[in-house]
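An overview of the molecular structure
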Amino acid sequence: MSTQLYTYEEVAQHNNRRDLWIILEGRVFDITKFQDEHPGGEEVLLDEGAKDATDAFEDVGHSDDARDLLKKYYIGDVDPNSKPVKVLREEEVVHSAPTGK
């Protein structure tokens, strides 16, 4: 079975509390269900989610147990041909108002 590949653009679309993915060391994780369990709180996951958070993850110095826990959230790898994109959070998306005639 081959590994599922995701582009940065695809990962960036999973950027909110109801649907949150993260990239760590080129691997993609669906951490939606982990938010409530995260010892550092869900807010840090929301801030770092939907993009490559490898540096932030390493800066914190996560334990081996934390790294093992990630395994159950793994869903695939980042497509090596894709490029990072700016992540727009839900609150940043501007929805256009209907135009009247």
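Higher on the page you've got the structure.
For the structure given in this document, a descriptive report is provided here. Every value quoted in this text rests on a predicted model; they were computed, and no experiment measured them. (Residues numbered from 1 in each chain as written. Predicted model: local features only at pLDDT ≥ 70, side-chain atom pairs only at ≥ 80, totals over all residues. Heavy atoms only, no water.)

1. Notes on the sheet that holds strand β5 (residues 74-78)
Pairing within the open sheet is mixed, and its 5 strands lie in the order β1-β5-β4-β3-β2. Edge positions in the sheet fall to β1 (5-6) and β2 (15-16), since each has one partner strand and no second. Across 2 bridges, β2 lies against strand β3 (residues 19-24) in antiparallel orientation. Paired with Asn15 across the strands is Leu20, a residue of β3. (Pairing = 2+ DSSP bridges. Helix = DSSP H or I, 4+ residues; strand = E, 2+ residues; numbered from the N terminus.)

2. Some remarks on the packing of aromatic side chains
As enumerated under the stated definition, the model contains 3 aromatic pairs in all. Note on Phe29 and Tyr74: the rings are 5.9 Å apart at their centroids and 65° apart in plane angle, and the pair reads as edge-to-face. Pair noted here: Phe29 is in strand β4 (residues 27-30) and Tyr74 is in strand β5, with a separation of 45 residues, a long-range link. Judged by its relative accessible area of 4%, Phe29 is buried. (Phe/Tyr/Trp six-rings, centres within 6.5 Å; stacked < 30°, edge-to-face > 60°. Buried < 20%, exposed > 50% of the residue type's maximum accessible area, 1.4 Å probe, protein only.)

3. Some details on the pattern of salt bridges
Opposite charge on two side chains lets them pair, provided their charged atoms get close. Enumeration over the complete set of coordinates arrives at 5 salt bridges. In this structure, Arg17 and Glu43 form a salt bridge, with 4.0 Å as the shortest nitrogen-oxygen distance. Taken together, the residues span a long stretch of sequence, with Arg17 in the loop between β2 and β3 and Glu43 in helix α2 (residues 42-48) at a distance of 26 residues. Close ionic contact of Lys71 with Asp68 constitutes a salt bridge, the shortest N to O distance being 3.4 Å. Since its relative accessible area comes to 59%, Lys71 is described here as exposed. Linked by salt bridges that have partners in common, Arg17, Glu42 and Glu43 make up one network. (Salt bridge = Lys/Arg side-chain N within 4 Å of Asp/Glu carboxyl O.)

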